[in-house]
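# Descriptive structure summary
What follows is each chain in one-letter form.
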Amino acid sequence: MSLLLNWSTWLGIPENYSDHGGNVDHLIDIVHWFMFALFVGWTLFFLFCLWKFRAKNNPKASYHGVTNHVSSHMEIGVVIIEAVLLLGFAFPLWWERTDQFAEVEKTDPVKVRVIAYQFAFNYHYPGADGKFGRIDRTLVNSAGDPCIDPNDVNGHDDFISGVLKLPVDRNAILQITSTDVIHNYSIVPMRIQQDAIPGRDIPMWFKPIKKLETFAICGQLCGEGHANMKGTMEVVSQKAYSAWAEEQSKAFLEKRQEADKAKALAKK
Ligand SMILES: [Cu+2]
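Reference entry: report on the structure contained in this document. (Residues numbered from 1 in each chain as written. Predicted model: local features only at pLDDT ≥ 70, side-chain atom pairs only at ≥ 80, totals over all residues. Heavy atoms only, no water.)

### What about the overall build of the chain?
This is how the line gets drawn: Runs of E in the DSSP output that reach at least two residues are strands. Runs of H or I that reach at least four are helices, and both are numbered from the N terminus. For a compact globule the rule gives 2.2 Å times the number of residues to the power 0.38, and the radius of gyration it is set against comes from C-alpha atoms. Exposed residues in this analysis have more than 50% of their type's maximum accessible area, buried residues have under 20%, and partly exposed residues fall in between, with area computed by a 1.4 Å probe over protein chains only. Contacts were defined at the residue level, with two residues in contact if any of their heavy atoms lie within 4.5 Å. Residue exposure ignores everything except the shown protein chains as possible cover, and the areas themselves are Shrake-Rupley values with a 1.4 Å probe.
When helices and strands are tallied, the chain shows five helices and 10 strands. Since a compact globule built from 268 residues should have a radius of gyration of about 18 Å, the 27 Å found for the chain marks it as more spread out than a globular shape. Along the longest, intermediate and shortest principal axes, the C-alpha atoms of the chain span 105 × 40 × 35 Å. Going through the 268 residues of the chain one by one, you find that 32% of them count as buried. Across the chain, contacts joining residues at least 24 apart in sequence account for 66% of those joining residues at least 6 apart. Accessible surface, the chain as shown: approximately 17,500 Å² in total, 62% of it carbon and sulfur.

Below is the structure:
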């Protein structure tokens with residue numbers, strides 16, 4: 001029975017993999033039931049009008065139309081109901097969600113910067129020290145450049161990945177930005193998306209509850225390569241994630257140290 005009531009299943013929406021995703025699916029179900037009720041109601045009304053105002057029964061046109069005020073009262077009723085939905089439900093629920101951010105920050109979340117560009121995504125991880133290097137957008141020298149200030153020590157163990165890897169059952173905060181046009185960073189199995197706007201880092205957060213390998217896609221028409229703009233995303237065990245992140249951070253740190261050495265030698 002519950003499957004029968006789930007529009008989100010009928011609509012072919014992929015399985016949910018995030019902690020909050022069930023709420024999104026539930027909303028999709030409710031909205032579709034409302035739409036279904038409206039569809040049936042208006043169809044019946046349409047058929048009733050066809051029958052009631054048929055030519056055979058109404059040989060002479062009425063030039064006055066409706067003279068009572070029922071429709072005006074119904075319009076006012078609709079406005080009141082919509083105001084209650086918006087002010088009584090939508091705004092408070094949105095506040096609840098945005099207020100959670102401070103709580104999520106206290107739960108030792110994984111933090112990743114997502115840099116969208118035509119037509120892919122780059123991921124900037126803070127490395128072993130857990131601190132991002134200073135970001136200086138004036139340093140941008142290629143599409144998708146995370147713009148890390150090379151003089152900031154915090155950035156020396158930061159690493160860049162073409163794949164988004166996250167541990168399961170742990171909150172993730174992604175800071176979304178872009179180096180060219182407006183994109184939209186969207187992970188459908190996580191039921192989350194956020195516009196990527198040049199010059200801004202906008203946070204979004206979620207908690208993956210099952211391991212999977214999927215795609216993050218661009219949800220905003222951004223140019224001729226938009227349709228192919230997708231990146232790999234993997235949710236793995238905490239152990240596998242830690243091992244991968246440690247290895248990446250070490251490799252980037254070594255590469256940086258070698259480059260510094262070569263620079264120092266060249267100076268001599
Ligand atoms: Cu895009």
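### A look at the sheet that holds strand E9 (residues 212-218)
To keep it simple, the criterion reads: Strand pairing is assigned whenever DSSP identifies at least 2 bridges connecting the two strands. Axis definition: a line fitted to C-alpha atoms, over the contacting stretch in the case of helices. Angles run 0 to 180 degrees between N-to-C directions.
Taken in spatial order, the five strands line up as E4-E10-E9-E6-E7 in an open sheet, and their pairing is mixed. The open sheet has two free edges, formed respectively by strand E4 (164-167) and strand E7 (192-196), since each of these has just one partner strand. Taken pair by pair, the neighbouring strands of this sheet meet at an average axis angle of 20°, ignoring direction.

### So, the nonpolar core
Note that soluble globular proteins tend to have their nonpolar side chains buried in a common cluster. The condition is simple: Only buried residues count toward a nonpolar core. Its members are Ala, Val, Leu, Ile, Met, Phe, Trp, Tyr and Cys residues joined through side-chain atoms within 4.5 Å.
Within the largest apolar cluster, 33 residues are counted, with the highest numbers of intra-cluster contacts made by Tyr123, Leu164, Leu174, Tyr185, Ile187, Met190 and Phe206. For this core, the element with the highest residue contribution is strand E1 (residues 110-117), accounting for four residues. Ignoring anything within four residues of it in the chain, the contact list for Leu164 reads Val112, Tyr123, Tyr125, Leu174, Tyr185, Ile187, Thr232, Met233 and Glu234.

### Here's the deal with the pattern of salt bridges
This is how it is decided: In what follows, salt bridge is the name for a side-chain nitrogen of Lys or Arg lying within 4 Å of a carboxyl oxygen of Asp or Glu.
If you walk through the whole model with that rule in mind, you get 10 salt bridges. Between Arg137 and Asp201 there is a salt bridge, with its nearest N and O atoms 3.1 Å apart. One end of the pair, Arg137, is in the loop between strand E2 (120-125) and strand E3 (159-161); the other, Asp201, is in the loop between E7 and strand E8 (202-206), and 64 residues separate them in sequence. On the basis of relative accessible area, Asp201 is assigned to the partly exposed category, the value being 29%. When the shortest N-O distance is used, the salt bridge between Lys165 and Glu234 registers 3.2 Å. With Lys165 in strand E4 and Glu234 in strand E10 (residues 230-236), this residue pair connects regions lying 69 residues apart in the sequence. With respect to burial, Lys165 and Glu234 carry one shared label: buried. In the salt-bridge network here, residues are joined through shared partners; they are Arg113, Arg137 and Asp201.

### A closer look at the sheet that holds E1
Reading across from one edge, E3-E2-E1-E5-E8 is the order of the five strands in this open sheet, with mixed pairing throughout. At either margin of the open sheet sits one strand with a lone partner, and together these are E3 and E8. Adjacent strand axes in the sheet meet at a mean angle of 30°, parallel and antiparallel pairs treated alike. Bridging between strand E5 (residues 172-178) and E8 involves five bridges; their strand directions are antiparallel. Paired with Leu174 across the strands is Met204, a residue of E8. Contacting E1, E2 and E3, helix H5 (residues 238-267) crosses the sheet at an angle of about 120° to E3.

### Here we look at a nonpolar patch on the surface
As a reminder, the rule being used: Each patch is built from salt-bridge-free residues with over 30% relative accessible area, joining like charges within 9 Å and nonpolar side chains (Val, Leu, Ile, Met, Phe, Trp, Tyr) within 5 Å.
A contiguous nonpolar patch, built from Leu27, Ile30, Val31, Phe34, Met35, Leu38, Trp42, Phe45, Phe48 and Trp51 and spanning about 1,100 Å² of accessible area, is present on the exposed surface. Here Phe45 shows up in helix H3 (residues 21-52). The exposure class of Phe45 is partly exposed, given its relative accessible area of 44%.

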